[in-house]
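Examination of the molecular architecture
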Amino acid sequence: MEEIKNKIWAIGGGKGGVGKSLFTLLLGDSLAQLGNKVILVDADLGGSNLHTFAGIRYPKYTLADFIGRRVESMDEVIVDTPINNLKLICGADDILGIANPKFTQKTRLLNHLKNLDADFILLDLGAGVSFTTMDFFLYAPNKIVVLTPQATSIQNGYGFIKASLYRKLHRIFRADPKVLEIIKRSSVSVQGETIDSIAKVYNAIKPLGKDSTGNLIKCLNEINIKLVVNMVRKPKERDVSHIVKSVAKNYLSLEIEDFGVIQYDKILEASVNNMAGFLTKGKDCASRNNFYDIAYNVLKSCRKLIPAKSLVPNTSSVQ
Ligand SMILES: Nc1ncnc2c1ncn2[C@@H]1O[C@H](COP(=O)(O)OP(=O)(O)O)[C@@H](O)[C@H]1O
Ligand SMILES: [Mg+2]
């Protein structure tokens, strides 16, 4: 169990275009460079493009082959990337309707995922709040939400966290109609509604018994979210994480952790059509250390041995 706890990381964020896929690739690359076996999984089932970032035009196998049972084992759909130690499971577009796999297909997928031979499995999630995306997010013991300083990204990032928490609460209390009713009242914005936060849900369900409040607290403790702010152009933009952190604390009773900042980097943007070339020869860019810093945070949070920082190329980070 401890191993799975460290191994699976979901990267979400609610909004498209904030850099989730690029972040997944470059965090995976940094962890691989530091000696870890990494598998990236394109879990954006309706809009997969991680393979294109990794320089693979026509993947031989994708998750659709696994979901459609054309292959039995998930190992068979793993493909190599130009980087040693960094492998990929490609997503597939929604032509076969796999963007919304059935419950049994999802369970089979998640069961196979945890048995893959890797130190880290990074799930690149799609945008939006589809049940499949939230289920991947909730399944992963480690959750990273990527934001940019844009107001819409902050709004969508918070919305994604809130929707995922409520999905988990619905699931936990599905057999308890009285608690569910209170949770439903708190999840919609109704003017004059007195239950508008998880703290108020706690107070409202208190008379229903200790099991209910205990399960609520357990649920909150299990959702362990880390924030990364991407495309930071000015030092003060790194502070946008405080907005999400304080709203999540006040309304959702969630303690969210800062996990790092990535500067806006023209070289990264320009390399997007040739990320494979960038991975093999062009990584001397300004944001490089930002990704290493986050990889160190990943290793630290797993209490893994951290190699000497001097191994990392010395490029400037966001000040
Ligand atoms: N730190 C950054 N600096 C500059 N451009 C970035 C940065 N992060 C991401 N991008 C660019 O933003 C675009 C969207 O990135 P992508 O990873 O596809 O987002 P998402 O997966 O969230 O939809 C890409 O063109 C990518 O090159
Ligand atoms: Mg993406």
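Residues numbered from 1 in each chain as written. Chains lettered and ligands numbered in written order. Predicted model: local features only at pLDDT ≥ 70, side-chain atom pairs only at ≥ 80, totals over all residues. Heavy atoms only, no water.

Some remarks on the site of ligand 1
Taken together, 17 residues sit near ligand 1, with Gly17, Lys20, Leu22, Asn230 and Asp265 positioned nearest. Ser21 has a polar backbone atom sitting 2.9 Å from an oxygen atom of ligand 1. A distance of 3.0 Å is found between a nitrogen atom of ligand 1 and a backbone nitrogen or oxygen belonging to Gln263. Summarising the interface, the protein chains cover 85% of the accessible area of ligand 1, which totals 570 Å² for the free molecule. (Near = heavy atom within 4 Å. Polar contact = N/O pair within 3.5 Å; in protein donor to acceptor, adjacent residues only side chain to side chain. Areas by Shrake-Rupley, 256 points an atom, 1.4 Å probe, with all protein chains shown as cover.)

Quick word on the environment of Phe66
Positionally, Phe66 belongs in helix α4 (residues 63-67). You can call Phe66 buried: its relative accessible area is 0%. Put simply, Phe66 and Ser48 are 18 residues apart on the chain and 15 Å apart in space, counted from C-alpha to C-alpha. (Helix = DSSP H or I, 4+ residues; strand = E, 2+ residues; numbered from the N terminus. Buried < 20%, exposed > 50% of the residue type's maximum accessible area, 1.4 Å probe, protein only.)

A short note on the pairing of strand β6 (residues 142-147)
Burial within β6 is extensive, with 6 of its 6 residues counted as buried. By the alternation rule, side chains of β6 split into Asn142, Ile144 and Val146 and Lys143, Val145 and Leu147, which are all buried. With 4 bridges connecting them, strand β1 (residues 8-12) and β6 associate as parallel partners. Residue pairing for β6: Trp9 is matched across the bridge by Asn142. Two strands pair when backbone bridges link them, and β6 and strand β7 (residues 225-232) are joined in this way by 5 bridges, in the parallel orientation. The residue bridging Val145 from the neighbouring strand is Leu227, located in β7. (Pairing = 2+ DSSP bridges.)

What to know about the side chain of Lys143
As for its placement among the helices and strands, Lys143 is situated in strand β6. There is no salt bridge for the buried Lys143, and the closest opposite charge comes from Glu222, which lies 7.8 Å off by N-O distance. Here Phe137 takes part through its backbone oxygen, which lies 3.3 Å from a polar atom of the side chain of Lys143. Polar side-chain contacts of Lys143 include one of 3.4 Å to the backbone oxygen of Leu138. Not counting residues within four places of it along the chain, the set of residues in contact with Lys143 comprises Ala10, Phe137, Leu138, Ile223, Asn224, Ile225 and Lys226. (Lys, Arg positive; Asp, Glu negative; His and termini not counted. Salt bridge = Lys/Arg side-chain N within 4 Å of Asp/Glu carboxyl O. Contact = heavy atoms within 4.5 Å.)

Here's the deal with the pairing of strand β4 (residues 86-89)
Pairing between strand β2 (residues 38-43) and β4: 4 bridges, direction parallel. Pairing of Ile39 across the sheet is with Lys87, part of β4. Across 3 bridges, the pairing between strand β3 (residues 78-80) and β4 is antiparallel. Opposite Val79, over in β4, you have Leu88 as the bridge partner.

Some points on the packing of aromatic side chains
Evaluation of the coordinates by the stated rule reveals 3 aromatic pairs. For the ring pair Phe137 and Phe160, a centre distance of 4.7 Å and an interplane angle of 55° mean the geometry is tilted. Taken together, the residues Phe137 in helix α6 (residues 131-139) and Phe160 in helix α7 (residues 151-172) connect sequence positions 23 residues apart. Phe160 carries the same exposure label as Phe137, and that label is buried. Lying over the aromatic face of Phe131, Arg167 brings its terminal NZ or CZ to 4.0 Å of the ring centre. (Phe/Tyr/Trp six-rings, centres within 6.5 Å; stacked < 30°, edge-to-face > 60°. Lys NZ or Arg CZ within 6 Å of the ring centre and 35° of its normal.)

That is the geometry; function is a separate question.
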